Amino acid sequence: MNPVRSPGLQRELNLRLMLPVLVIVALTGAFGAYAAQQLMERVFDRWLLDAARSLAGQVQFVDGRASVELSRQAEALITYDVVDRTYFEVTQGGEHLVGQAGVPGQGVREKVYSHNGRTYDARFADEDVRVARVAVAGPGGAEAVVLVAETRIKRERAEEDLLLTMAPVAAFVLIAALIVGFTVRRTMRILERIAARWNERSHAALEPIPLDDMPRELMPFASALNDLLDRIRKMLERERQFAATVAHQLRTPLTGLRLGLARAVDAPDAESMRAVLHELGGTTQRTARLVQQLLALSRLDPEVRADLRLADVDLAALAREVGETYLDAALEKGIELEFESAATTITVKGLPDLLGEALGNLIDNAIRYTPAGGRVLISVSPSPVTVRLEDSGPGIDGDERDAVFERFVRGRTSTGEGSGLGLAIVKEIAALHGARVSLADSALGGACVAIIFPDPGTASSAHA
């Protein structure tokens, strides 16, 4: 299935900018032409009405009867026009008094003006004419009507000239389109240069992008890209450190396994071979534990945390379940492993497997460093939700209580095999759940490690 190609940014900008500009220019030209045509029509109409009103001033009423006395010179003056032909008529009650008979008294595209004047289009003498009509009131309610008609030659020529004046609008539209296209292309070249520079600088070294000459509009994008590059650099650095840590931590147990196998091969008798194999079993168990801890660390990478989905976890049930898996180890050393919890279901939001890993590390450390015949107490309490591991071991000195939570750091009193990862894993898992870890002296004589969850928020307590 071929991927769908999205339209280019340059094309999108051209469409989003050019079309509105062209529409605005076109609408502006059309509105200007319409306004000019209307103004021109009003000017011609007023000239025609002026002629009709001049003729209306010559109307006389005698005993309610209208009459018009026009000399040949006055009549020629009214009808004179170099371009158009002009006709006039005066009527009273539909009766022709003077002028050319039959000038239409009504028509289409009528416009009404002040002083009883109106104009309209009509047909007279087989020609399209514009007629001005003016009513003349006389004494006793008498009324005459003055009609002046003019052909539309001047108007049509004016409209043609107006259309010619609108021709530059098309050129303006083309110029606007060229300007928009040039501006978009120039802007895209700036972006292309910036992208080429970014690719050149960050492709190999993942260096941050300089923001000195960055356009203000691109500053959020450049800052986000720098943050991404910084995250990638840190992630790669963590991967390198983790790989180096794994190689360093596994080198010793793998070397021990190889030497142990060589000793088993060279054992003089079965009894010696069984002793070597027993040692190899312990080394294998410690190696498996180390691998488990390293895998737990890999899951706690900050870049992975965003994908984790928290669920309701019964903390008391989880602590009891994890503690039961260490009963054999405690019995083997004669250690009394105890569990106590409030008579409630204590629930937190978390990941059961990671919380179980944290509890397992605490219990493993407590059993590992508590002398034979000692005690280890697991307790869960609400308000705030807290898990405590107390033991009767040697404890941890006060000046070491912060350092032991760092990776591969072990206390001065630590004996036996250990990687120094247990408490570091506990601290990171607690931080992932919004909890904190405290280390203090235990009432049993050893150390007390507590994971304290926020309350309220990620933890809640409800009756069973």
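Note on numbering: residues in each chain are counted from 1, in written sequence order. Whole-chain, interface and lining totals are the exception, using all residues; otherwise, since this is a predicted model, local features are given only for residues with pLDDT of at least 70 and side-chain atom pairs are given and counted only at 80 or more. The basis for every side-chain value is the complete set of heavy atoms in the structure, and neither hydrogens nor water enter the calculation.

1. Details of the packing of helix 10 (residues 352-369) against helix 11 (residues 422-432)
Link 1 in the chain: For every element, the axis is a line fit to its C-alpha atoms; helices are fit only across the contacting stretch, and the angle between N-to-C directions ranges from 0 to 180 degrees. Helical segments are the DSSP runs of H or I of at least four residues, strand segments are the runs of E of at least two, and each set is numbered from the N terminus. Running from N to C, helix 10 and helix 11 cross one another at 150°; their axes reach a closest spacing of 9 Å. With respect to helix 11, the axis of helix 10 lies roughly antiparallel. Crossing handedness for the pair helix 10 and helix 11: left-handed. Facing Leu354, Leu355, Glu357, Ala358, Asn361, Leu362 and Asn365 of helix 10, the residues of helix 11 in contact are Gly422, Leu423, Ile425, Val426, Ile429 and Leu432.
Link 2 in the chain: Note that Gly is not counted as nonpolar here; it falls among the polar residues with everything else outside the nonpolar set of Ala, Val, Leu, Ile, Met, Phe, Trp, Tyr, Cys and Pro and the charged set of Asp, Glu, Lys and Arg. Here the contact of helix 10 with helix 11 is composed, by residue class, of nine nonpolar, three polar and one charged. Put simply, angles under 35 degrees are roughly parallel, angles over 145 are roughly antiparallel, angles from 65 to 115 are roughly perpendicular, and the rest are oblique. Each crossing gets its handedness from the near helix: less than a right angle anticlockwise from the far helix is left-handed, clockwise is right-handed. Residue contacts are defined here by distance: any two heavy atoms, one from each residue, within 4.5 Å place the two residues in contact.

2. Let's talk about the nonpolar core
Link 1 in the chain: Only buried Ala, Val, Leu, Ile, Met, Phe, Trp, Tyr and Cys residues count toward a nonpolar core, and they belong to the same one when joined by side-chain atoms within 4.5 Å. The buried label applies to any residue whose accessible area, calculated with a 1.4 Å probe on protein chains only, is under 20% of its type's maximum; exposed applies above 50%, and partly exposed to all values in between. Membership of the largest hydrophobic core comes to 40 residues, with the highest contact counts inside it found for Leu315, Leu355, Ile451 and Phe453.
Link 2 in the chain: Mapped onto this core, the elements with two or more residues apiece are helix 8 (315-324), strand 11 (345-350), helix 10, strand 12 (375-381), strand 13 (386-391), helix 11 and strand 15 (447-452).
Link 3 in the chain: When residues in this core are grouped by element, the largest group, eight residues, is from helix 10.
Link 4 in the chain: Not counting residues within four places of it along the chain, the set of residues in contact with Ile451 comprises Ala358, Leu362, Val385, Thr386, Val387, Val426, Ala430, Ala435, Arg436 and Val437.

3. Regarding helix 11
Link 1 in the chain: In terms of residue burial, helix 11 counts as a mostly covered element, since nine of its 11 residues are buried.
Link 2 in the chain: One or two residues past the end of helix 11 sits Gly434, with phi positive at roughly 75°.

4. Comments concerning the pattern of salt bridges
Link 1 in the chain: Here, a salt bridge means any Lys or Arg side-chain nitrogen found within 4 Å of an Asp or Glu carboxyl oxygen. The tally for this structure, following the rule as stated, stands at 20 salt bridges.
Link 2 in the chain: Residue Arg130 is joined to Asp45 by a salt bridge in which the shortest nitrogen-to-oxygen separation is 3.1 Å. Taken together, the residues span a long stretch of sequence, with Arg130 in strand 7 (residues 127-137) and Asp45 in helix 1 (residues 9-56) at a distance of 85 residues.
Link 3 in the chain: Judged by relative accessible area, Arg130 falls into the buried class, the value being 0%.
Link 4 in the chain: With a closest N to O distance of 2.7 Å, Arg375 and Glu338 form a salt bridge. On the criterion of sequence distance, the pair formed by Arg375 in strand 12 and Glu338 in strand 10 (residues 336-341) is long-range, its members being 37 residues apart.
Link 5 in the chain: Its relative accessible area of 33% is what places Arg375 among the partly exposed residues.
Link 6 in the chain: Each of Glu41, Asp45, Arg109, Asp121, Arg130, Arg152, Arg155 and Glu159 takes part in one network of salt bridges that share partners.

5. Here we look at the sheet that holds strand 8 (residues 143-151)
Link 1 in the chain: Pairing between two strands is assigned when DSSP locates at least 2 bridges connecting them. The strand order 4-3-8-7-6-5 describes an open sheet built from six strands, whose pairing is antiparallel. The open sheet has two free edges, formed respectively by strand 4 (95-99) and strand 5 (108-113), since each of these has just one partner strand. Between one strand and the next, the sheet's axes are offset by a mean angle of 25°, whatever the strand orientation.
Link 2 in the chain: Direction of pairing for strand 3 (residues 86-92) relative to strand 4: antiparallel, over a ladder of four bridges. For Thr91, the partnering residue across the bridge sits in strand 4 and is His96.

6. So, the confidence of the model for the protein
Link 1 in the chain: Confidence scores per residue from the predictor, reported as pLDDT, run from 0 to 100. Chain-level statistics for the protein give a pLDDT mean of 78 and a share of 80% at 70 or above.
Link 2 in the chain: At the level of individual helices and strands, the protein shows its lowest average pLDDT in strand 16 (residues 459-462), which scores 36, and its highest in strand 13, which scores 92.
Link 3 in the chain: Scored below 50 in pLDDT, residues 457-464 makes 21 contacts in the model with residues more than four places away or belonging to other chains.

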